[in-house]
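Summary of structural features
Now for the letters of each chain:
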Amino acid sequence: MRTLLIINPSSGQGLAQLGKRKLLKAAHASLDAYIRITTNRGDAERFASEAISMGFERLIVAGGDGTVNEVINGMGDAAVPLGIIPLGTGNVLAHDLSLPPNSVDSAIEVILAGKTRDVDLGVANGRRFLLMAGLGLDAEVVDSVSPAVKELVGRVAYAPAAIQQLVKYEPS
């Protein structure tokens, strides 16, 4: 099965970077996967789109919810299985799907076992999403979180962003 593994090394305060060696080893040993490593926002979406157009039969993403979101948008309507190695800050999708968070070995076991689950995709403003679509205050909070602060302190970064938005937010 032609497989592409997309790794976002900056996910989860660098958790993916720490697990990168293990991911690279697994990609060659048990997953038999080609590897693409993101360096900029939008890379994962582009890599997924290219893989679909090249006939890859399975995609695997190692990163957080944002990286998974990019990949599903790059996949378009392709009915290709997507394996998830959750290495993000929050791993909300992994939690919702009962996937083992921040464990490369456990996630690879799930992928190799071929366990799949159908999920419904939402679409808003031409973008696909798996988790939720936020409007108003919650969307402003998420949008205002500094990626640098989030990488430094993790989920705690949302608290000052929430306070800041509570003070200045004006409903449209």
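Provided above is the structure to which this section pertains.
Residues numbered from 1 in each chain as written. Predicted model: local features only at pLDDT ≥ 70, side-chain atom pairs only at ≥ 80, totals over all residues. Heavy atoms only, no water.

Brief notes about the sheet that holds strand 3 (residues 58-63)
Strand pairing in a sheet relies on backbone hydrogen bonds, with the paired strands running either antiparallel or parallel. Pairing is parallel in the open sheet, where four strands are placed in the order 2-1-3-4. Each end of this open sheet is capped by a strand with a single partner; those strands are strand 2 (33-37) and strand 4 (82-86). Each neighbouring strand pair of the sheet contributes to a mean axis angle of 20°, computed without reference to strand direction. Bridging between strand 1 (residues 3-7) and strand 3 involves five bridges; their strand directions are parallel. Bridge pairing in strand 3 places Leu-4 opposite Leu-59. Along the sheet, helix 3 (residues 43-53) makes contact with strand 1, strand 2 and strand 3, crossing strand 1 at roughly 175°. (Pairing = 2+ DSSP bridges. Helix = DSSP H or I, 4+ residues; strand = E, 2+ residues; numbered from the N terminus. Axes fitted to C-alpha atoms, helices over the stretch in contact; angles between N-to-C directions. Contact = heavy atoms within 4.5 Å.)

Concerning the packing of helix 3 against helix 4 (residues 65-75)
Interhelical geometry of helix 3 versus helix 4 gives an angle of 35° and a closest axis separation of 7 Å. Judged by the twist between their axes, the crossing of helix 3 over helix 4 is right-handed. Between helix 3 and helix 4, the residues in contact are Asp-43, Ala-44, Glu-45, Ala-48, Ser-49 and Ile-52 and Thr-67, Glu-70, Val-71, Asn-73, Gly-74 and Met-75, respectively. Tallied by class, the residues present in the contact of helix 3 with helix 4 amount to five nonpolar, four polar and three charged. (Left-handed = near helix turned anticlockwise from the far one by under 90°. Nonpolar A, V, L, I, M, F, W, Y, C, P; charged D, E, K, R; others polar.)

Comments concerning the layout of surface pockets
Empty space among the atoms becomes visible once a probe the size of a water molecule is rolled across them. Its boundaries defined by the atoms lining it, the largest pocket holds a volume of some 2,000 Å³. Around the largest pocket, the lining is made up of 46 residues, and of these Arg-41, Asp-65, Gly-66, Val-142 and Lys-150 lie nearest the centre. If you list the elements that add at least two residues to the lining of the largest pocket, you get helix 1 (11-18), helix 4, helix 5 (92-96), strand 6 (127-129), helix 7 (137-144) and helix 8 (147-153). If you tally residues by element for the lining of the largest pocket, the top one is helix 4, at seven residues. Residues belonging to the lining of the largest pocket are distributed by class as follows: 18 nonpolar, 18 polar and 10 charged. (1 Å grid on protein atoms, 1.4 Å probe; cavity = no way out; pocket = protein on both sides within 12 Å on 5 of 7 lines; lining within 4 Å. Points joined across faces, edges and corners; volume = space filled by probe spheres on them.)

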